[in-house]
Amino acid sequence: DGRFSMQLIGEITAAGLTASELAQTVRERYTGILLNPEATVIVRKFTGLKAYVAGEVTTPGLVSFDAPASLLQALIQAGWLKPTAQPRNVVIIRDTGTGVPAVHLVDVKKLIEEAEIAEQVLLHPFDIVFVPKSMIATVQDFIDQYIDKPFLTPISRLAGFGFSYSLNRVPNWQGN
């Protein structure tokens, strides 16, 4: 869960901190308890990053990485965006530890066009990435669910519709 406990100072949150930042936090927490507190943090193994990718991607679900990952890497691992996706409004929902999640809107089209920005959009452990449907896909779902299936499909099964045309000129009623 990104936290650990130490004697005398209790629980410390390590998630989101670098090794040097965590060492500084430990030193600060022991100040006043020990005379000259020293702390060194060595990361022996990175447990990996897990994030959830949902919505309009080919294979939604849990994605895992052995190192910090960008939003684009997570979308690639999820099979990329479906044609019905709205890439300009991808949502990242992040646990802030305060009980109120942070919500970030990301324009994936802009990330693709500007590589230096793409490297800045890193995922945190257990982020939720949601790719919404495009407006046209939502309208198509509405038509399919409320117009096509209930009305047009039964009618087309009862009566066949068709048309024909002739490439040969047919004389009109006046004989022309």
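Parameters and conventions
Residues numbered from 1 in each chain as written. Predicted model: local features only at pLDDT ≥ 70, side-chain atom pairs only at ≥ 80, totals over all residues. Heavy atoms only, no water. 1 Å grid on protein atoms, 1.4 Å probe; cavity = no way out; pocket = protein on both sides within 12 Å on 5 of 7 lines; lining within 4 Å. Points joined across faces, edges and corners; volume = space filled by probe spheres on them. Nonpolar A, V, L, I, M, F, W, Y, C, P; charged D, E, K, R; others polar. Helix = DSSP H or I, 4+ residues; strand = E, 2+ residues; numbered from the N terminus. Buried < 20%, exposed > 50% of the residue type's maximum accessible area, 1.4 Å probe, protein only. Contact = heavy atoms within 4.5 Å. Pairing = 2+ DSSP bridges. Axes fitted to C-alpha atoms, helices over the stretch in contact; angles between N-to-C directions.

Draft legend 1. Examining the layout of surface pockets more closely. Estimated volume of the largest pocket: approximately 1300 Å³. Partitioning the lining of the largest pocket into residue classes produces 19 nonpolar, 9 polar and 8 charged.

Draft legend 2. Representation of the environment of Ile33 in the model. Mapping Ile33 onto the fold places it in the loop between helix H1 (19-30) and strand S3 (49-55). Under the relative-accessibility criterion, Ile33 is labelled partly exposed at 42%. With 25 residues separating them in the primary sequence, Ile33 and Leu8 have C-alpha atoms 8.0 Å apart. Leaving out residues up to four positions away in the same chain, Ile33 has contacts with Leu8 and Ile9.

Draft legend 3. Just the sheet that holds strand S4 (residues 61-65), in detail. The strand order across the open sheet built from 5 strands is S4-S3-S7-S5-S6, with neighbouring strands paired in mixed fashion. Each of the sheet's edge strands pairs with one partner strand only, and the pair in question is S4 and strand S6 (102-106). Sheet twist, expressed as the mean angle between neighbouring strand axes with direction ignored, is 25°. Where strand S5 (residues 90-94) lies against strand S7 (residues 128-131), 3 bridges are found, and the strand directions are antiparallel. Bridge pairing in S7 places Ile92 opposite Val129.

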